Amino acid sequence: MNIYSRITGTGSYLPPNRLTNQDLVDQLAAKGIETSDEWIVERTGISARHFASPEVSSSDLAFEACIRALKSAGRAVSDVDLIIVATSTPDMVFPSTATILQHKLTQAALAEGAEHGAAGCPAFDVQAVCSGFIYALTVADAMVRAGSAHCALVVGAEVFSRILDFNDRTTCVLFGDGAGAVVLEATRHEGHGSGILATDIHADGKHREILCTPGTVVGGQVMGDPTLKMDGPAVFKLAVGLLDSAARAVLEKSGVSLEELDWLVPHQANIRIMQSTAKKLKLGPDRVVVTVHEHGNTSAASIPLALDHAVHNGQIQEGQIVLLEGVGGGFTWGAVLLRM
Ligand code: ACO
């Protein structure tokens, strides 16, 4: 009998403040910046996004997503023995958002009368920008298969609205805030027909400058520009090729054919990137999960948000084969193939 990891529950959370394109167009117009609903929809597929209010942090969004994921898995906070948070918008420089989340989950469990929460289990962040959830799931899968975790919370959580330059129309219309989480549990069986079937992650720092938030803190002061910078056309070109190669790599590793694939859940950056990727893989639109129109690009949160959305609206069913894949700043890219 071998140990494999399997997603047993999903959950997600969007902050209540939903901004349509028109809301954003009006806000930007007040600053003399011109854009339109038509331009945003045509170039990106985005119609709306959610922005967290100023007092809400990534760990708050992650907390709500985790509570929902645990409920859907039928697990308690005290069952959790590993927490990994993928984020590029952490609550603070340190400690990690994962440890803050761990404490919030523990406090909530104790307040509800549990004997203990998740205190003591390993908790850490992964920083791979929009590929962060794929990286986090890959690490959690390896730890579960090695026997060092049995019930992991793997989370993507972001407040990208905090790092946007609202004077730059080429980037500020693209992103949103939110969180998604999965419960990943150990399962023992012969052969390898269920749970996570294959993972594949990569990075190449030579592309670091086409998508970055270059600011840092020196002597208590922000040095450099702390807002997101992107060369959109360069990112677009690179992303499509990398997503195609990541998808093919996990299919080859697992021996699953493209025809056997039920769903592609790509990072929700831009509808045209998703359509180009699906076209290269010869997948029809009916096999691609799309939430970018309602969420915008939520970076590390986008894949678990889309996965949870598709599970809860009945698109993704138990037993189906699902390919999750992402690409992001660094550049980083990767994919996870699994049977739900
Ligand atoms: N409203 C109106 N006009 C705009 C806007 C806007 N919000 N933004 C840019 N424009 C204008 C530009 O100024 C330019 O005008 P010009 O021709 O007079 O100079 C024109 O639109 C075209 O600009 P491009 O940047 O060439 O537009 P493009 O068609 O490439 O679309 C976009 C821009 C949507 C960013 C595209 O490059 C893209 O999808 N790139 C992928 C990047 C992406 O999705 N990144 C997300 C983060 S990365 C990740 O998650 C992996």
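Above this text sits the structure in question.
What this report covers is the structure whose coordinates are included nearby.

**Brief notes about unusual backbone geometry**
Logical step 1: Between Phe 94 and the following residue, Pro 95, the backbone shows a cis peptide bond with an omega angle of 5 degrees.
Logical step 2: Secondary-structure assignment places Pro 95 in the loop between strand 4 (82-86) and helix 4 (97-111).
Logical step 3: A positive phi is found at Lys 282, a non-glycine position, where the angle reads about 60 degrees.
Logical step 4: By secondary structure assignment, the location of Lys 282 is in the loop between helix 8 (271-280) and helix 9 (292-295).
Logical step 5: On the basis of relative accessible area, Lys 282 is assigned to the exposed category, the value being 72%.
Logical step 6: Within the chain, Ser 299 stands out as a residue other than glycine whose phi angle is a positive 50 degrees.
Logical step 7: Looking at the secondary structure, you find Ser 299 in the loop between helix 9 and helix 10 (302-312).

**Section: the site of the ligand**
Logical step 1: Close contacts around the ligand come from 23 residues, with Thr 35, Arg 43, Arg 169, His 267 and Asn 270 the closest.
Logical step 2: Take Trp 39: an N or O atom from its side chain is 3.4 Å from an oxygen atom of the ligand.
Logical step 3: Protein chains bury 74% of the 1,000 Å² of accessible surface belonging to the ligand in isolation.
Logical step 4: Judged by the proximity of its atoms to the pocket grid, the ligand belongs to the second largest pocket.
Logical step 5: Where the shell around the ligand is concerned, the elements lending two or more residues are helix 2 (37-44), helix 6 (169-172), helix 7 (232-254), helix 8 and strand 14 (321-328).
Logical step 6: With four residues, the single largest contributor to the shell around the ligand is helix 7.
Logical step 7: Two domains each put at least three residues into the shell around the ligand: domain 1 (2-189) and domain 2 (195-339).

**Overview of the sheet that holds strand 13 (residues 263-266)**
Logical step 1: If you walk across this open sheet you meet the four strands as 8-15-14-13, and the pairing is mixed. Each having just a single partner strand, strand 8 (195-203) and strand 13 make up the two edges of the open sheet. With strand direction ignored, the average angle separating the axes of adjacent strands in the sheet is 10 degrees.
Logical step 2: Bridge count for strand 8 against strand 15 (residues 332-339) is eight bridges, and the pairing is antiparallel. Among the inter-strand pairings, Ile 196 is bridged to a residue of strand 15, identified as Leu 338.

Procedures and definitions
- Residues numbered from 1 in each chain as written.
- Predicted model: local features only at pLDDT ≥ 70, side-chain atom pairs only at ≥ 80, totals over all residues.
- Heavy atoms only, no water.
- Helix = DSSP H or I, 4+ residues; strand = E, 2+ residues; numbered from the N terminus.
- Buried < 20%, exposed > 50% of the residue type's maximum accessible area, 1.4 Å probe, protein only.
- Near = heavy atom within 4 Å.
- Polar contact = N/O pair within 3.5 Å; in protein donor to acceptor, adjacent residues only side chain to side chain.
- Areas by Shrake-Rupley, 256 points an atom, 1.4 Å probe, with all protein chains shown as cover.
- 1 Å grid on protein atoms, 1.4 Å probe; cavity = no way out; pocket = protein on both sides within 12 Å on 5 of 7 lines; lining within 4 Å.
- Sits in = over half its atoms within 2 Å of the grid points.
- Domains from an automatic or database assignment.
- Pairing = 2+ DSSP bridges.
- Axes fitted to C-alpha atoms, helices over the stretch in contact; angles between N-to-C directions.

Interpretation note: all reported values are geometric properties and have no functional meaning in isolation.
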